[in-house]
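Listed below, chain by chain, are the residues.
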Amino acid sequence: MQANPRSLDTLFNSQLRYVVPMFQRLYVWKETPQWSTLWEDVAEKAALLIKGVKSNPHYLGALIIEGVKPNSPREVKRFLIIDGQQRLTTLQLLFCAYRDIARANEWKTLDRTTTRYLENADADVMEKPDEELFKLWPTTLNRDAFRSVVSAGSPEEVSKRHPLVYLPRKRKPEPRNNLAEGYLYFSKMISAWIDASAAEFSKTREEAAFALLQSLQQDFCVVEISLSEGDDSKEIFYSLNSQGQPLTQSDLLRSLIFMRAEKEQIDRDEIFAEYWSKFETDFWSMDVRRGGRTYSRLDLGLRFFLMAKTGQMVDARRVNEEYRRWVSAHPPRYATVKDELADFTRHGEAYQRYESAIPSELLCTDLLRVLMDFDVSTALPLIMFLELEAGLDEEQAKECLDAVESFIARRVLTGEETKEYNKLFVDVIGSLRGLSGAAVLPALRKKLLEGGGTTRHWPTDGEVVEKAISRPMFKMIKTPALRLILERLETALRNKKTENLDIPAGLQIEHVLPQKWDAHWKLKGVAIPANVALYPHLAEGELAPLAEAIRGRNSTLQTLGNLTLLNRYLNPAASNGSFESKLVEYRNSVLRLNRHFDGATAWDEDAIAKRGKALGEAICKIWPRPEPSAS
């Protein structure tokens, strides 16, 4: 490793290229604090120079580079930027803005000088002139914008190529690409400084511009650190980014993968386009909250991928560290980086399929909707393992996923705790690793049946039926989950030979015995006032003996046996009316759930319990639990 001070003239005046590797993040510097701070330093130094005041060089920080062996004698010498790409890109934007001002004013010497800082000479003898022409070659997603800015030739053309966009009902425009914004900022600052300095110091504008360029050339330096053959650029990169503004876990993953791609001399643009570009989208960059913390979807997808691969818990804050340890095993996990990215992409597509699903557009039998409505994203690593890692054919995969769904659904129905689901499902993966095909299902069932207590128990038929009768599910289960349970019951009641199995969207949960029952529903032949029905402790006199019965009714009417589904047009009509009026509406419903009430003449607590028992038994068939001996 060699460290040397380099003036900006020395840095950019040679025939060479600074290439931003794929592992670096996008250009993110903005006016505040980075551009404005740099410009204040430049303006101050240039003012001292034009006054004839000597000053010490101003160091802009470190630039760490690594030389790359050329692929051809015609290739322009290339250096990878390990650290300092934000600073170097900003300097290129500044010089580009200066060059265009010099060109517009026909200051040919200044134009030629700054052009040498931006472009290499002799494009006709270059191996890849479209790339090698530029002194700086940004990462893929910044490349088009950078090339557009440098080749535009004027701030007017840059503004035309990168116009401000105003969205409907928005006063402020959408943010412009910050490479274009940086160029326009420096163009404005340089023009204003030249005009002001020329007037203040009685100089021509060209003389003021020359003083500014001279200051940039001699008053500003970087410490260039050139890595030797034995230096580990990956470790240096991680060390440099362990402090200051942290990189995300996915930033670090990208760095790891593309650094190795450089070492393997794999075409970085090709693997970026084929694989990694899929993850540079709004979907993957979107922040989501998990466990009280905020992560990008890509960070979570990486974590789930690693848990699916290892069957071990992975701390969300140390995903990259765990990944590096895992992928560096001997023998290697993958033959090439391309194989590694292909595998990660497969898992990423599976994760995206679940995360991007819209429940209202899915059938109630779709596992994507089940996981979303039951709010069990912690099961995704296990689902990914079963779909992609377990060597299952289509039927075997269905049986395994059905077992997981049954485990989850029964626990939702009986109200079991979910706080250890992340550990539980990863433990299941760990127990299945090394198995494949027909051996997976019995091992999966055995593992799920072994769990005990409120955190891992797979509820029995008896427990499910009892909860269906007695648990106030409307109060205890979130609406999407409860609606899904009722839709699954509806589907189970239908005859596949004669009826469409699709359930209409937008169905609403209906209480047969309404929550506000006092007006039309007597209790043991007695009309109950509204305030007493709501607050049984107010029952006095002849109503006092009914206080417990009122409480019992208020609890019973929230149980599964008293719930059904109606479309939004029928639901308001039925609402809090009498049972007779509700029956009229139910007859207009095409749902099989509501055929239960055909011919019914009364509806009370006993009828609710009887229907709850029948629905509980139906649920046990929808989501069966194997007997331990059958696992």
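Everything that follows concerns the structure shown earlier in this document.
Here the structure is a predicted model, which is why all the values come from computation and not from measurement.

1. Notes on the overall build of the protein
Right, on to step 1. Helix and strand counts for the protein come out as 30 helices and 10 strands.
Right, on to step 2. Over its C-alpha trace the protein gives a radius of gyration of 34 Å, far above what one expects of a compact globule, namely 25 Å for 631 residues.
Right, on to step 3. Judged by the C-alpha coordinates and their principal axes, the protein covers about 105 × 60 × 45 Å.
Right, on to step 4. For the protein, with 631 residues in total, the buried portion stands at 50%.
Right, on to step 5. For the protein, the accessible area works out to roughly 30,100 Å², and carbon and sulfur atoms hold 50% of it.

2. As for the packing of aromatic side chains
Right, on to step 1. A full pass over the atoms with the stated rule returns 29 aromatic pairs.
Right, on to step 2. Taking 5.9 Å as the distance between ring centres and 80° as the angle between the ring planes, the aromatic pair formed by F12 and F95 counts as edge-to-face. With a gap of 83 residues between them, F12 in helix α1 (residues 8–12) and F95 in helix α3 (residues 85–104) connect regions that are remote in the sequence.
Right, on to step 3. Cluster of aromatic residues (ring-pair linked, three or more members): W276, F279, F283, W284, F304, F305, Y323, W326, Y334, F344 and Y351.
Right, on to step 4. Its end group placed over the ring of W517, R553 keeps NZ or CZ at 4.8 Å from the ring centre.

3. Focus on helix α20 (residues 421–432)
Right, on to step 1. With 12 residues, α20 should reach 16 Å at 1.5 Å per residue; the first-to-last C-alpha distance of 17 Å fits that figure.
Right, on to step 2. Listing the buried residues of α20 in full gives Y421, L424, F425, V426, V428, I429 and L432.
Right, on to step 3. Structurally, α20 contributes buried residues whose contacts are with α14 (297–310), α18 (380–388), α19 (394–414), α21 (440–450) and α22 (453–456).
Right, on to step 4. Positive phi appears at G434, one or two residues downstream of α20, with a value of about 95°.

4. A short note on helix α9 (residues 205–219)
Right, on to step 1. The first and last C-alpha atoms of α9 sit 21 Å apart over 15 residues, in line with the 21 Å expected at 1.5 Å per residue.
Right, on to step 2. All of the buried residues in α9 are A208, A209, A211, L212, L213, S215, L216, Q217 and D219.

5. Details of a nonpolar patch on the surface
Right, on to step 1. On the surface, L26, V28 and L141 cluster together to form a nonpolar patch covering roughly 210 Å² of accessible area.
Right, on to step 2. Summarising the element assignment, V28 is placed in the loop between β2 (17–19) and α2 (31–51).

6. Description of the pattern of salt bridges
Right, on to step 1. According to the stated counting rule, one finds 37 salt bridges in the structure shown.
Right, on to step 2. The salt bridge partner of K338 is E274, with a shortest N-O separation of 3.9 Å. Separated by 64 residues along the polypeptide, K338 in helix α16 (residues 337–355) and E274 in helix α12 (residues 268–274) bring together distant segments of the chain.
Right, on to step 3. For E274, a relative accessible area of 33% puts it in the partly exposed group.

7. Thoughts on the environment of L560
Right, on to step 1. Counting through the fold element by element, L560 comes out in the loop between α27 (547–556) and β10 (563–566).
Right, on to step 2. For the pair L560 and A192, spaced 368 residues apart in sequence, the C-alpha to C-alpha distance is 74 Å.
Right, on to step 3. Not counting residues up to four positions away in its chain, the partners in contact with L560 are A468, R471, M473, L482, L486, L489, R611, L615 and I619.

8. Regarding the nonpolar core
Right, on to step 1. Membership of the largest hydrophobic core comes to 100 residues, with the highest contact counts inside it found for W276, F374, L386 and I408.
Right, on to step 2. When residues in this core are grouped by element, the largest group, 10 residues, is from α19.
Right, on to step 3. When sequence neighbours within four positions are dropped, the list of residues in contact with L386 reads L392, C400, L401, V404, L432, V440 and L444.

9. Quick notes on unusual backbone geometry
Right, on to step 1. The step from T32 to P33 runs through a cis peptide bond, and the omega angle for that step is 5°.
Right, on to step 2. Here P33 is to be found in helix α2.
Right, on to step 3. Cis geometry marks the peptide bond from H330 to P331; its omega dihedral reads 0°.
Right, on to step 4. Its identity is not glycine, yet S202 carries a phi of approximately 55°, on the positive side.
Right, on to step 5. In this fold, S202 is placed in the loop between α8 (178–200) and α9.
Right, on to step 6. Given a relative accessible area of 68%, S202 falls into the exposed group.

10. Let's talk about the packing of α8 against α9
The angle between the axes and the distance between the axes are what describe a pair of packed helices.
Right, on to step 1. Contact geometry for α8 and α9: axes closest at 8 Å, N-to-C directions at 120°. In this view, α8 runs oblique relative to α9, as classed from their interaxial angle. At the point where α8 passes α9, the crossing takes the right-handed sense. Contact residues: α8 offers I190, W193, I194, D195, S197 and A198, while α9 offers R205, A208, A209 and L212.

11. Here's the deal with the side chain of R411
Right, on to step 1. Within the secondary structure layout, R411 lies in helix α19.
Right, on to step 2. Here R411 is buried and forms no salt bridge, its nearest opposite-charge partner E416 lying at an N-O distance of 4.8 Å.
Right, on to step 3. Within polar-contact distance, the side chain of R411 engages the backbone oxygen of T455 at 3.1 Å.
Right, on to step 4. Excluding residues within four positions of it along the chain, R411 makes contact with E416, E417, Y421, T454, T455, R456, H457 and P459.

12. Comments concerning the environment of E417
Right, on to step 1. Considering the arrangement of structural elements, one finds E417 in the loop between α19 and α20.
Right, on to step 2. Each C-alpha atom, one on E417 and one on T455, is 5.2 Å from the other, the two residues being 38 residues apart in sequence.

13. Some details on the side chain of R488
Right, on to step 1. In this fold, R488 is placed in helix α25 (residues 479–493).
Right, on to step 2. In this structure the side chain of R488 is engaged in a polar contact, spanning 2.8 Å, whose partner is the side chain of E405.
Right, on to step 3. Apart from the residues lying within four places of it in its own chain, the contact partners of R488 are C364, T365, V370, E405, I622 and W623.

14. Focus: a negative patch on the surface
Right, on to step 1. The grouping of D393, E394, E395 and E399 at the surface amounts to a negative patch.
Right, on to step 2. Following the sequence through the fold, E399 ends up in helix α19.
Right, on to step 3. Residue E399 is classed as partly exposed on the basis of its relative accessible area of 33%.

15. Observations concerning empty space enclosed by the protein
Right, on to step 1. Tallying each qualifying case throughout the model produces two cavities of 30 Å³ or more.
Right, on to step 2. In this structure, the largest cavity occupies an estimated 40 Å³ of space.
Right, on to step 3. Taken together, M22, Q24, R25, L26, T139, L141, R254, F272 and E280 make up the lining of the largest cavity.
Right, on to step 4. Put simply, the second largest cavity is a space of about 30 Å³.
Right, on to step 5. If you go around the second largest cavity, the residues you meet are Q249, Y295, D299, L300, R303, A316 and V319.
Right, on to step 6. The element contributing the most residues to the lining of the second largest cavity is α14, with three residues.
Right, on to step 7. Across the lining of the second largest cavity, the residue classes break down as four nonpolar, one polar and two charged.

Thresholds applied
Residues numbered from 1 in each chain as written. Predicted model: local features only at pLDDT ≥ 70, side-chain atom pairs only at ≥ 80, totals over all residues. Heavy atoms only, no water. Helix = DSSP H or I, 4+ residues; strand = E, 2+ residues; numbered from the N terminus. Rg over C-alpha atoms; globule rule 2.2 N^0.38 Å. Buried < 20%, exposed > 50% of the residue type's maximum accessible area, 1.4 Å probe, protein only. Areas by Shrake-Rupley, 256 points an atom, 1.4 Å probe, with all protein chains shown as cover. Phe/Tyr/Trp six-rings, centres within 6.5 Å; stacked < 30°, edge-to-face > 60°. Lys NZ or Arg CZ within 6 Å of the ring centre and 35° of its normal. Expected span 1.5 Å × (residues − 1). Contact = heavy atoms within 4.5 Å. Patch = residues over 30% accessible without salt bridge, like charges linked within 9 Å, V, L, I, M, F, W, Y side chains within 5 Å. Salt bridge = Lys/Arg side-chain N within 4 Å of Asp/Glu carboxyl O. Core = buried A, V, L, I, M, F, W, Y, C linked by side-chain atoms within 4.5 Å. Axes fitted to C-alpha atoms, helices over the stretch in contact; angles between N-to-C directions. Parallel < 35°, antiparallel > 145°, perpendicular 65-115°, else oblique. Left-handed = near helix turned anticlockwise from the far one by under 90°. Lys, Arg positive; Asp, Glu negative; His and termini not counted. Polar contact = N/O pair within 3.5 Å; in protein donor to acceptor, adjacent residues only side chain to side chain. Charge placed at Lys NZ, Arg CZ, Asp CG, Glu CD. 1 Å grid on protein atoms, 1.4 Å probe; cavity = no way out; pocket = protein on both sides within 12 Å on 5 of 7 lines; lining within 4 Å. Points joined across faces, edges and corners; volume = space filled by probe spheres on them. Nonpolar A, V, L, I, M, F, W, Y, C, P; charged D, E, K, R; others polar.

It is worth stressing that arrangement in space is one thing and function is another; only the former is reported here.
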